[in-house]
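Here is how the chains run, residue by residue.
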Amino acid sequence: MRGALYFAGAILLILITLVLGLQVGTFEVDLPTIWDAFFHYDPDNTTHFAITHLRLPRLLLALVVGASLAFCGYLMQAMVNNGLADPYLLGTASGASLGAVVVFFGFVEVSIGGFYMPPVFALLGAFIVTLFVVALGYRKRQLIPAQLLLAGIAISSLVTAMVGLLTFLSDSEGKLKSVIFWSMGSFERASWSLLPYPATALLLALLLFAFLQKQLNILLLGADRAQALGVNVAQTRWAILGTVSIVTGFAVATSGPIGFVGLIIPHVTRGLMGATGRSNLLFCAFVGGLFMLLCDLLSRILYPPAGLPIGIITSFFGVPFFVYLLSRKNYKFSS
Amino acid sequence: MHPYLKKFLAICLLIVCWSCGSEKEKQVGQALVLQDGLGRTVKLEGQPKRVMAFASSMTEMLFAVCDTATIVGRTPQCDYPAGVYSKPVVNNYPVDFEQVLALKPDLVFTVEGITPLDMAARLEELGIPVYYQKYRSVEDILQGIEDIGCIMDREQQANYLADSLRQEVQEIERRYSGQAKQQRVLTITWSDPIYVYGQNTILTDQLRILGAQNAVQEVFDQPYPALTREYILKLNPDILLGGSIERLEREFFSLYPELRKIAAYQNKRIYQPTGNLIERPSPRVVESIRELESFLYP
């Protein structure tokens, strides 16, 4: 019952934030205008255009990316059985950054065949680095979480150093701005054409793990006990790994590496719903989306018109909450 | 030396310094004490004989005013006039202190925002004074030319140059004063994220001289603010500067297809200004105004 209430609360808050978010921007917009933009759309009205083609995709992208990162964070924490894990543990963020930087610094054309290349190369970079990390974490025909963790940290550091080197050698201020802007995350590039990629990846992943939530909870008891209880640990780990790399890859490629969401929200979820709630993953995705929507709204209110980089807001508001949560006496990572 | 002669010379020197107009410099014995554009006090041991600039625009200023033999180096970005290529390259950011020391300049000129103050402080510790200029308008650049002339003892040349440029500016301004409809111009400097020329840039003054206006009327803290697509959609500029139609189509409008609704795109009023003209507050500022004129009134 309490879980259902939390779900209803999260959905209601998401809807309220969406409506509020639709009202914030350069064009002054009231509720009747929002209504008209959706139900009496006038193609010549620039305000209607801004609501439907700029604000709505931006809000939905924030929702999807927040949900993706929180969801993947939850999966990673369950897989390595460690509350400090986040979706970027596999080197996704640094790989994506390297991919984007390669384009920003002119090693590849910015636009090929009408496609804007930074997200494409970011996705490519994320996948390549993840594959490399997984290869290092794979021994004796199985994934070893501790080795995976160390490989992730080492390769991420190496790739970050490469990004640092390229940044240092940059010959223009504009390129530096692109890299800094990218590294702190933004939803300004959101569009209807971009949205389906991360959204599809997230929906498919949610569907897959609707069937695997039970195995995930058992995995929290440790690999040996989970195996004894009939869970195919190796298979579950591969499912987590594949899902995290694809979903995080799309999220990072579209919005940049936004920190802390994937670390904090899984803890919030467990704090509210218990360590092994049946709908934890779905709830985690909802709360992640809501948190990101709120952060985006705040960033646009605090620093109009461009908005503060979203990564700064997620850290500023997420970390104190995280500290509060950890200081609560009844908080547990696993059951 | 006879005491009366000394007094006479001192008075002559004071008159010379006073004639430098707004210059806030005075000579104490052999030393020169200047006040730069940021209000900093810059002390020189005497008339500078070896100088260089840490900004490419300032290098252009020096080449226009000074005896080129007194210019001892250039930055990697300096590409105008052709004479700069004969000068040794010095890294200006981060500053290659050893190379600067090796060239032994008496004074380094720079522009606000190009050289961080802590780097200037470090150079001054090493015995090399740094003189900043800052500009908010075309007239500030012209005064900057006169300022350099005064410091380098090339007043006649500097004043002649500044006056002739001033005359050209006034002529253009007269031609376009009282425009019935001022064209609104948006100038982008970078596309991802979108950075544009804000109000606090010389471009705003150049456009005013041409009877047009910077589409960004809001005053931001930064001279080159970041804007959102929605903001630009609301600005709906008449003219967009920042690249050729083909280039912006490929690198800007393919990324932000929503911005194809703006008047500049609809009417194909998209132009590519020459980078080292529009960006540099140099003696070529009038050339830059003339280029803008060709875009605004084709």
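It should be emphasised that the depicted structure is a prediction, and the values quoted were computed from it without experimental measurement. (Residues numbered from 1 in each chain as written. Chains lettered and ligands numbered in written order. Predicted model: local features only at pLDDT ≥ 70, side-chain atom pairs only at ≥ 80, totals over all residues. Heavy atoms only, no water.)

Q: Explain the sheet that holds strand 4 (residues 51-53) of chain B to me, please; I cannot follow it from the model alone.
A: Backbone hydrogen bonds are what pair the strands of a sheet, in a parallel or an antiparallel way. Residues and elements named next belong to chain B. Judged by pairing direction, the sheet is parallel, and its three strands sit side by side in the order 4-5-6 without closing on themselves. Each of the sheet's edge strands pairs with one partner strand only, and the pair in question is strand 4 and strand 6 (130-133). Each strand axis lies, on average, 25 degrees off the axis of its neighbour in the sheet, ignoring direction. Summarising the sheet, strand 5 (residues 107-111) and strand 6 pair through four bridges and their orientation is parallel. When the sheet's bridge partners are listed, valine 108 is paired in strand 6 with valine 130. (Pairing = 2+ DSSP bridges. Helix = DSSP H or I, 4+ residues; strand = E, 2+ residues; numbered from the N terminus. Axes fitted to C-alpha atoms, helices over the stretch in contact; angles between N-to-C directions.)

Q: What's the story with the UniProt feature "domain: Fe/B12 periplasmic-binding" (unreviewed entry) in chain B in this structure? I'm lost.
A: Residues annotated by UniProt as "domain: Fe/B12 periplasmic-binding" (unreviewed entry) correspond here to residues 50-298 of chain B. Secondary structure within residues 50-298 of chain B divides into 43% helix and 13% strand; the distance between the first and last C-alpha atoms comes to 44 Å. (UniProt positions renumbered as here; feature names shortened; annotations may be inferred.)

Q: What exactly am I supposed to notice about the interface of chain A and chain B here?
A: Many descriptions give the size of an interface as the accessible area lost when the pieces come together. Listed by partner, the interface residues are 31 residues for chain A and 20 residues for chain B. Taken together, chain A and chain B are joined by three salt bridges. In this structure, A:Arg189 engages B:Asp192 in a salt bridge whose closest nitrogen and oxygen atoms are separated by 3.1 Å. Where chain A meets chain B, there are twelve residue pairs in polar contact (both at pLDDT 80 or more). Going through the elements one at a time, helix 3 (46-80) and helix 7 (173-184) of chain A are the ones with two or more residues in the side of chain A that touches chain B. Sorting elements by how many residues they give to the side of chain A that touches chain B places helix 3 of chain A first, with six residues. Of the residues in the side of chain A that touches chain B, the class split is 15 nonpolar, ten polar and six charged. (Contact = heavy atoms within 4.5 Å. Salt bridge = Lys/Arg side-chain N within 4 Å of Asp/Glu carboxyl O. Polar contact = N/O pair within 3.5 Å; in protein donor to acceptor, adjacent residues only side chain to side chain. Nonpolar A, V, L, I, M, F, W, Y, C, P; charged D, E, K, R; others polar.)

Q: What should I look at first to understand the side chain of B:Asn214 in this one?
A: Residues and elements named next belong to chain B. On the secondary structure map, asparagine 214 appears in strand 9 (residues 213-214). Within polar-contact distance, the side chain of asparagine 214 engages the backbone oxygen of glycine 198 at 3.0 Å. Excluding anything up to four places from it in sequence, asparagine 214 contacts Val185, Tyr197, Gly198, Gln199, Thr201, Thr204 and Leu207.

Q: In this structure, what is going on with the state of the cysteines? I would like to understand it.
A: Each disulfide is one covalent bond, formed between the sulfur atoms of two cysteines. Residue and element names in this part refer to chain A. Counted under the stated rule, the structure contains zero disulfides over all chains. Of all cysteine sulfurs, the one in cysteine 284 lies closest to cysteine 72, which takes part in no disulfide; the gap is 9.4 Å. Free cysteine cysteine 295: the closest other cysteine sulfur is in cysteine 284, separated by 14 Å. Residue classification places cysteine 295 among the buried positions, given a relative accessible area of 3%. (Disulfide = S-S within 2.5 Å. Buried < 20%, exposed > 50% of the residue type's maximum accessible area, 1.4 Å probe, protein only.)

Q: Would you take a moment to explain the packing of aromatic side chains for this structure?
A: Given two aromatic rings, one states the distance between the centres and the angle between the planes to describe the pair. Considering all chains together, one arrives at 15 aromatic pairs over all chains under this definition. A ring pair is formed by A:Phe71 and A:Phe209, whose centres lie 6.1 Å apart and whose planes are at 80 degrees; its orientation type is edge-to-face. Of this pair, A:Phe71 sits in helix 3 while A:Phe209 sits in helix 8 (residues 196-210), and the two are 138 residues apart along the sequence. Judged by relative accessible area, which is 0%, A:Phe71 ranks as buried. For A:Phe209, a relative accessible area of 2% translates into the label buried. Here the aromatic cluster, defined as three or more aromatic residues joined through ring pairs, consists of A:Tyr6, A:Phe7, A:Phe283 and A:Phe286. Here B:Lys261 stacks its cationic end above the ring of A:Phe49, 4.4 Å away from the centre of that ring. A cation over a ring is seen here: B:Arg284 above B:Tyr80, with NZ or CZ 3.7 Å from the ring centre. (Phe/Tyr/Trp six-rings, centres within 6.5 Å; stacked < 30°, edge-to-face > 60°. Lys NZ or Arg CZ within 6 Å of the ring centre and 35° of its normal.)

Q: I tried to follow a nonpolar patch on the surface on my own but got confused; where do I start?
A: Where nonpolar side chains cluster on the molecular surface, the patch consists of A:Leu12, A:Leu13, A:Ile16 and A:Leu20 and spans about 360 Å² of accessible area. For A:Ile16, the position within the fold is in helix 1 (residues 2-23). (Patch = residues over 30% accessible without salt bridge, like charges linked within 9 Å, V, L, I, M, F, W, Y side chains within 5 Å. Areas by Shrake-Rupley, 256 points an atom, 1.4 Å probe, with all protein chains shown as cover.)

Q: Please clarify how the domain arrangement of chain B should be interpreted in this entry.
A: Residues and elements named next belong to chain B. When the domains of chain B are assigned, the result is domain 1 (12-134) and domain 2 (178-296). Here the C-alpha centre of domain 2 lies 32 Å away from the C-alpha centre of domain 1. Contact between domain 1 and domain 2 buries roughly 630 Å² in total, counting both sides, with carbon and sulfur atoms accounting for 52%. Summed over the three residues of domain 1 that lose the most area to domain 2, namely Ser57, Glu60 and Tyr80, the buried surface amounts to 58% of that side. Applying the counting criterion to the domain 1 and domain 2 interface returns three salt bridges. In this structure, the salt-bridge partner of arginine 280 is glutamate 60, at a minimum N-O distance of 2.8 Å. Taken together, the residues of the side of domain 1 that touches domain 2 sort by class into three nonpolar, three polar and two charged. (Domains from an automatic or database assignment. Buried area = accessible area lost by both parts, 1.4 Å probe.)

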